[in-house]
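Commentary on secondary and tertiary structure
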Amino acid sequence: MKISFSRWLGLFSIIIGILGWGLIVRLSGLPRFILPSPLDVWTRLLRSLADGSLLYHTSVTLLEITLGLLVGVTLATVLGYMLAKSHSLEKILSPYLVASQAVPVVAIAPLLVIWLGHGIISKVVICALIVFFPVLVNTVVGVRAVPPALYDMMNSLRASRWQVMTKLEVPASMPVLLAGLRIGATLSVIGAIVGELVDAKEGLGYLLKVGDFQYDTSMVFVAVIMLVALALSLYGIVTLLEKRFLKWQNK
Amino acid sequence: MKNPPILTVKNLSVVFPDSNGGLHALENISFEVCPRDFICFLGPSGSGKTTLLRILAGLLKPTSGQVDFIHNQQPKIGMVFQQAHLMPWRSVMDNIKLPLELEGMDESQARIKAQEMVELVGLNGFEDSWPRELSGGMAQRVGIARALIHDPDLLLLDEPFASLDAITRERMWVELSRIWQVKQKTIIMVTHSINESLFLADDVLVLTQRPGQIKLEVKVDLPRPRNDDIRYTPHFGKLARKLRGAIE
């Protein structure tokens, strides 16, 4: 009983929010191009779904995010593992890593677009860059936190390096790794949008900009809602991964 | 007639490098271990007991001296630590069969052997539990099962019951005694408990304060199987007093 009630609570809160939004539009009398009503946004959503443009642009952004995440997470975990294992490598690379974080990715996004063109590659790279650091840091922290006693145990059993990695280090650092992925997944949406806002011919960021230029504010709302949906789904996927891989943890 | 020793340690010394000339952990340790012996090193903290076990386990190289196993081969080691040191992401069953996985045994065979071990240490019904759900004593039973499953040549016990409460600890002595009798393993244990060493071992070697040296060797000629009552016999008391006298 209690569980089903609290589930409805979330939905209830959303309905109240939409009603409140509608009420503000009606009472303030703001023109549609400043603040569209929920109904305006809804019809715009249906229209863009019907002509296929919304799904097309969403799929472009999703592709950029997926590739960006894949590249960023792969590089970050591999490099993070190496950094965790070698203090000298950490000393050599840390000035670059810290410096790269001091420069906001948003600031170098235009540069990346100039260098890599306004196609999908520049967005994937921006996305990967923004995802890279939190995942890297969490990988290092996770691998370093593996209890030394478990290394002893594995070594007394004459485990190979590969076995130590796959049977000890990877599962032991999984909680911290997934926490990094959770941050990275949300950031990856920002990365893709920043890239698209700088210069693009497709994607949700492009849709946002077109809506903005044409005073099609309902379209901007639709694009934002899709972005939120994307971010939430990614977050949901990470939560599923946590449920799958961390079921041994106390909940 | 005793069997030839499977392990011979000669003039073993360990020095850990530090700022003032090095820390002497162990000095001139020599002893022999025969198959199916239960040997116990007794000593105060800081006598290098754990260092000795780490050398025997191959986790640490001695500064000087020799550690020779029979036929010069690398022995299979089973190790039990002060804490159970289970992998929290593995169930009881999966923790126990880890050594077999590392040896590349196929899954179904490993499960059968692990099930045997579960029964040996009395954990039936807990196969699918997570380590966090176990009490200290149960976790240590899993640790013992894991150390035995791959049929090691040498079982090394590093104060395995030190973290347990007194009553659980005494129960585990009886358990370990029973398991040792079933499995016929060669065991080397370190501890700082006189009662524990007398209850379990055939041979007790007393180590001095750092640098650890063997000060006294006591043959424990108490009959087996040993039970709780044996601790209240005069002979047990005599041996205990002898050991107590040797520990500074």
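What comes next is a walk through the structure. A quick note: this is a predicted structure, and the numbers were derived from the prediction, not measured. Within any chain, residue numbers begin from 1 and follow the written order of that chain's sequence. Following the order in which they are written, the chains are lettered starting with A and the ligands numbered starting with 1. Restriction of local features to residues with pLDDT of at least 70 applies here, the model being predicted, together with a cutoff of 80 or more for giving and counting side-chain atom pairs; totals for whole chains, interfaces and linings are based on all residues. Water and hydrogen atoms play no part in the side-chain values, which are based on all heavy atoms of the structure.

**Re the nonpolar core**
Residue types Ala, Val, Leu, Ile, Met, Phe, Trp, Tyr and Cys, when buried and joined through side-chain atoms within 4.5 Å, form a set referred to as a nonpolar core. Think of it in three bands: with a 1.4 Å probe and only protein chains considered, a residue is buried below 20% of the maximum accessible area for its type, exposed above 50%, and partly exposed in between. Membership of the largest hydrophobic core comes to 89 residues, with the highest contact counts inside it found for Met154(A), Leu168(A), Leu7(B), Phe31(B), Phe41(B), Leu156(B) and Ile188(B). Going along the chain from the N terminus, every DSSP run of H or I of four or more residues is numbered as a helix, and every run of E of two or more is numbered as a strand. Looking at which element gives the most residues to this core, the answer is helix H8 (residues 161-198) of chain A, with eleven residues. Other than its neighbours up to four places away in sequence, Leu168(A) contacts Val146(A), Leu150(A), Tyr151(A), Met154(A), Gln163(A), Met87(B) and Trp89(B). Within the second largest apolar cluster, 54 residues are counted, among which are Ala84(B), Leu86(B), Val218(B) and Ala240(B). Note on contacts: a residue pair qualifies if any of its non-hydrogen atoms lie within 4.5 Å across the two residues.

**Considering the packing of aromatic side chains**
Where two aromatic rings form a pair, the distance of their centres and the angle of their planes describe that pair. Think of it this way: a Phe, Tyr or Trp ring, Trp meaning its six-membered ring, pairs with another when their centres are within 6.5 Å, and the plane angle makes it stacked under 30 degrees, edge-to-face over 60, tilted otherwise. Scanning the model with the defined rule gives six aromatic pairs over all chains in all. Taking the centre distance of 5.5 Å and the plane angle of 90 degrees together, the rings of Phe33(A) and Tyr215(A) count as edge-to-face. With a gap of 182 residues between them, Phe33(A) in the loop between helix H1 (2-28) and helix H2 (38-50) and Tyr215(A) in the loop between helix H9 (204-213) and helix H10 (217-245) connect regions that are remote in the sequence. Residue Phe33(A) is classed as partly exposed on the basis of its relative accessible area, which comes to 44%. Measuring from centroid to centroid gives 5.8 Å for Phe38(B) and Trp180(B), while their planes differ by 65 degrees, and the two rings are edge-to-face. Taken as a pair, Phe38(B) in strand E3 (residues 38-42) and Trp180(B) in helix H6 (residues 166-183) lie far apart in primary sequence, 142 residues in all. Each member of the pair Phe38(B) and Trp180(B) is classed as buried. The ring of Tyr235(A) has Arg182(A) sitting right over it, with the charged end atom 4.6 Å from the ring centre. Either the NZ atom of lysine or the CZ atom of arginine qualifies as a charge over a ring when it sits within 6 Å of the ring centre and within 35 degrees of the ring normal. The ring centre of Phe245(A) lies 5.0 Å from the NZ or CZ of Arg244(A), which sits over that ring.

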